[in-house]
Amino acid sequence: MRGNIAQLMQQAQKMQENVQRAQEELAKLEVTGNAGGGMVSVTITGRMECRKVRIDPSVLSDQEMVEDLIAAAFNDAVNKVNAESQSKMSAATAGMPIPPGMKMPF
């Protein structure tokens, strides 16, 4: 019994280290979301901080369209960050039995 607890504690420590490493990688990550066939692009970090917005001059005459394209590009970037985050965290916790519905500290 004691050996099982020690092994579980080692697994938990390793998982914690893997999660921390994955969080550090995500903090450095930059992804670009696009909208309007690339007329608008938004680059954000893994921490959802906006780094760059690029707008094709051809769409600047239509303010409402530009606003919609910026929102769509931002949402595309957020979806990409979330997918990458889920992938990295799944890899970080691989092999560790986590009860369904349990939230990790990230």
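Residues numbered from 1 in each chain as written. Predicted model: local features only at pLDDT ≥ 70, side-chain atom pairs only at ≥ 80, totals over all residues. Heavy atoms only, no water.

**Concerning the overall build of the protein**
In terms of helices and strands, the protein carries two helices and three strands. Listing every helix and strand of the protein by position from the N terminus yields α-β-β-β-α. The buried share of the protein, taken over its 106 residues, is 26%. For the protein, restricting intrachain contacts to residue pairs at least 6 apart in sequence, the fraction spanning at least 24 positions comes to 55%. Just so you have it, the protein exposes about 7,300 Å², and 52% of that area is on carbon and sulfur atoms. (Helix = DSSP H or I, 4+ residues; strand = E, 2+ residues; numbered from the N terminus. Buried < 20%, exposed > 50% of the residue type's maximum accessible area, 1.4 Å probe, protein only. Contact = heavy atoms within 4.5 Å. Areas by Shrake-Rupley, 256 points an atom, 1.4 Å probe, with all protein chains shown as cover.)

**Description of the pairing of strand β3 (residues 50–55)**
As defined by bridge partners, strand β2 (residues 40–45) adjoins β3 across five bridges and the pair is classed as antiparallel. Bridging across to β3, Val-40 finds its partner in Ile-55. Between β2 and β3, which pair antiparallel one after the other, the connecting turn spans four residues, and Met-48 there sits at a positive phi close to 65°. (Pairing = 2+ DSSP bridges.)

**Here we look at the side chain of Thr-43**
Position of Thr-43 relative to the elements: it lies in strand β2. A distance of 2.8 Å separates the side chain of Thr-43 from the side chain of Thr-32, its partner in a polar contact. Other than its neighbours up to four places away in sequence, Thr-43 contacts Glu-30, Val-31, Thr-32, Glu-49, Cys-50, Arg-51 and Lys-52. (Polar contact = N/O pair within 3.5 Å; in protein donor to acceptor, adjacent residues only side chain to side chain.)

**As for the UniProt feature "coiled-coil region" (unreviewed entry) in the protein**
Taking the UniProt record as the reference, the feature "coiled-coil region" (unreviewed entry) is found at residues 5–32. Along residues 5–32, the helical share is 86% and the strand share 11%, with 44 Å between the first and last C-alpha atoms. (UniProt positions renumbered as here; feature names shortened; annotations may be inferred.)

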